[in-house]
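Observations on the model geometry
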Amino acid sequence: MEVHILTLCYLIASVTFILGLKMLSNPATARRGNLVAAAGMTIAILGTIFLYKDDDGNRLHNYAWIFGGLIIGAVIGTLAAKKVKMTAMPEMVSLFNGMGGACAALISVVEFNHLAHGLSADATMEEAAGFFATVDKTMLLIILLGLIIGSISFAGSMVAWGKLNGKVKDFSFKGQHMLNNILFLVIIGLSGYILIASPQQTVLFFYIIVVLSLLYGVFFVMPIGGADMPVVISLLNSFTGVAAACGGFLYDNKVMLTGGILVGAAGTLLTILMCKAMNRSLMNVLIGSFGGGGAAAGAAQQSAGGGTYKEITLSDAAMVMSYANKVMIVPGYGLAVAQAQHVCHELEKVLEAKGVEVKYAIHPVAGRMPGHMNVLLAEADVSYEKLLEMEQANEEFKSTDVVLILGANDVVNPAAKSDPASPIYGMPILEVEEAKTVIVNKRSMKPGYAGIENQLFFQPKTSMLFGDAKKALQDLLAEIKNV
Amino acid sequence: MNNILPWISEHQQMIYIVILMIFVGIEVIGRVPSVLHTPLMSGANAIHGVVIIGAIIVMGKAEDHNYIAIILGFLAVVLGTLNVVGGFVVTDRMLEMFKKKK
């Protein structure tokens, strides 16, 4: 009876995962979708703890350990997720994804030990080889798959996390891709050797595979530019999904299989969609054009980028904006870092009171994650109708008097259209140079996240307003009120 | 060949699930607007936390004297829970921002 209830629990959970994903892809139902999936997960976890029986009809034990682990994980997870700043959310997702990958890898390690348990410690070489020849090869294959994918996902996610919070710098060397490919082939080769030849040193090879997979995860993410991290995290996310599905195979557990494969497939598609939003191919992202190839292009640009820029005073900026008919605000990561969204909304209201039309131009990948700006501005109660998507905005720039860029850089870099050598060449941008005047608020002349110069700043119609976005906007607001 | 065919028959249920879920996964999120890319990634991240079920089974099966299995299993449970709980809470916080605009 209990087994049937558990089956029902898993069935419900599987359906909630599918429904949850479906609802998550629509703004109106997204939040409920997340809760639906969470409820399904809770049912599956509780069902497993209390109703699971193995093939021999034995219940689980070690309840103290299980609940201890659940409570520790839940408390830390909730606190970390609640306290994290809006700007740091993508790296948090990466961290949690890494935990999932590590979990899958650990399961494989334990199951392998279980498998190798029948082998006594002082067995001779021949006995060992004979023992591994009798092991269930399907089980061993699944264990290896879960181990390799989980380890890569864990190591890669940790690097991605480090990159996003600035602890790890972009790093690549000559022959990196060669080394990666060799590593990958060695991992596959060793696994195949274990499976087919059942060598006496199977245990040793198993742990070598662990180390190599971790290394591969590190080298896989290392050369990819920091700005591409959301794409990489999404890819690693689908990896972890597949690793979880391996667990499903291992325990003949349908809910793990369903959830894992579902995320694996949806995550892969999402990765491709994200690349499309940047008009890049997945290969292009993975090869890491910000690394090797970008260095030469970057050097060339530095010499070209030595033009002069002009600064604008606060009172001039206030004057220009107050007498404009239409002002377009282009928010970027700088706005998010300075937490200037509320001041920005304030500025919008003051300008509108003066009869100025104010709108926001949102680039799909402005900030550190797609949708970052929408979330941020929604928090400050900026009306949804005022947010223009890229295509709309590009049509309206021609009739715009002043474009105010708040800490955005790469998404307005004209090199994406004009310079084939640029690493961001081909990415659709906000064509702000169509407007009459461009005011750029930045903290300094330092290049953006992609690490490349922006010719926009040196154009005659552009003027710079240096300073932290929040401080600059507050001062600007005071000046505008005085006009 | 002689090995693979029986293998497929034996595991056909699993293989069916895998194939169907690949199509469901792709179909279900096919029309997502770019605004929701990140919350969707985060939500999917929480869902692959089902791996926690494997961790619970590993932990619950570990024999009392097998300290390696106990320690690794315990670690797996903690990490898996972090993935699930943290994942859902972060997603909820991201989506909370969307609700306000109404």
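Remember, predicted model here, so these are calculated numbers, not experimental data.

Describing the interface of chain B and chain A
Many authors give the size of an interface as the accessible area that is lost as the parts come together. At the interface, 75 residues of chain B touch 95 residues of chain A. By residue number, the principal contributor to the side of chain B that touches chain A is helix α5 (residues 67-99) of chain B, which donates 30 residues. Across the side of chain B that touches chain A, the residue classes tally to 50 nonpolar, 18 polar and seven charged.

Digging into the nonpolar core
Counting residues in each nonpolar core, the largest one holds 192 residues, and the members touching the most others are C103, L262, V330 and I405 of chain A. Apart from the residues within four sequence positions on either side, I405 of chain A is in contact with V330, V412, V432, V438, I439, V440 and N441 of chain A.

What to know about the domain arrangement of chain B
Looking at chain B, the domain boundaries give domain 1 (1-31) and domain 2 (33-102). Using only C-alpha atoms to locate each centre, domain 1 of chain B and domain 2 of chain B end up separated by 24 Å.

What about helix α4 (residues 89-115) of chain A?
Side chains of residues three or four places apart in an α-helix project in the same direction, reflecting 3.6 residues per turn. With 27 residues, α4 of chain A should reach 39 Å at 1.5 Å per residue; the first-to-last C-alpha distance of 39 Å fits that figure. Extensive coverage of α4 of chain A is indicated by the burial of 24 of its 27 residues.

Regarding the sheet that holds strand β3 (residues 387-389) of chain A
Backbone hydrogen bonds hold the strands of a sheet together, and the pairing may be parallel or antiparallel. All names here are of chain A. Spatially, six strands are ordered β3-β2-β1-β4-β5-β6 in an open sheet, and the strand pairing comes out parallel. Both edges of this open sheet fall to β3 and β6 (462-466), since each of them pairs with a single strand only. Between one strand and the next, the sheet's axes are offset by a mean angle of 25 degrees, whatever the strand orientation. Here five bridges tie strand β5 (residues 437-442) to β6, and the two strands are oriented parallel to one another.

Rules and cut-offs
- Residues numbered from 1 in each chain as written.
- Chains lettered and ligands numbered in written order.
- Predicted model: local features only at pLDDT ≥ 70, side-chain atom pairs only at ≥ 80, totals over all residues.
- Contact = placed C-beta atoms within 7 Å.
- Helix = DSSP H or I, 4+ residues; strand = E, 2+ residues; numbered from the N terminus.
- Nonpolar A, V, L, I, M, F, W, Y, C, P; charged D, E, K, R; others polar.
- Core = buried A, V, L, I, M, F, W, Y, C linked by C-beta atoms within 7 Å.
- Buried ≥ 20, exposed ≤ 12 C-beta atoms within 10 Å, placed from the backbone.
- Domains from an automatic or database assignment.
- Expected span 1.5 Å × (residues − 1).
- Pairing = 2+ DSSP bridges.
- Axes fitted to C-alpha atoms, helices over the stretch in contact; angles between N-to-C directions.

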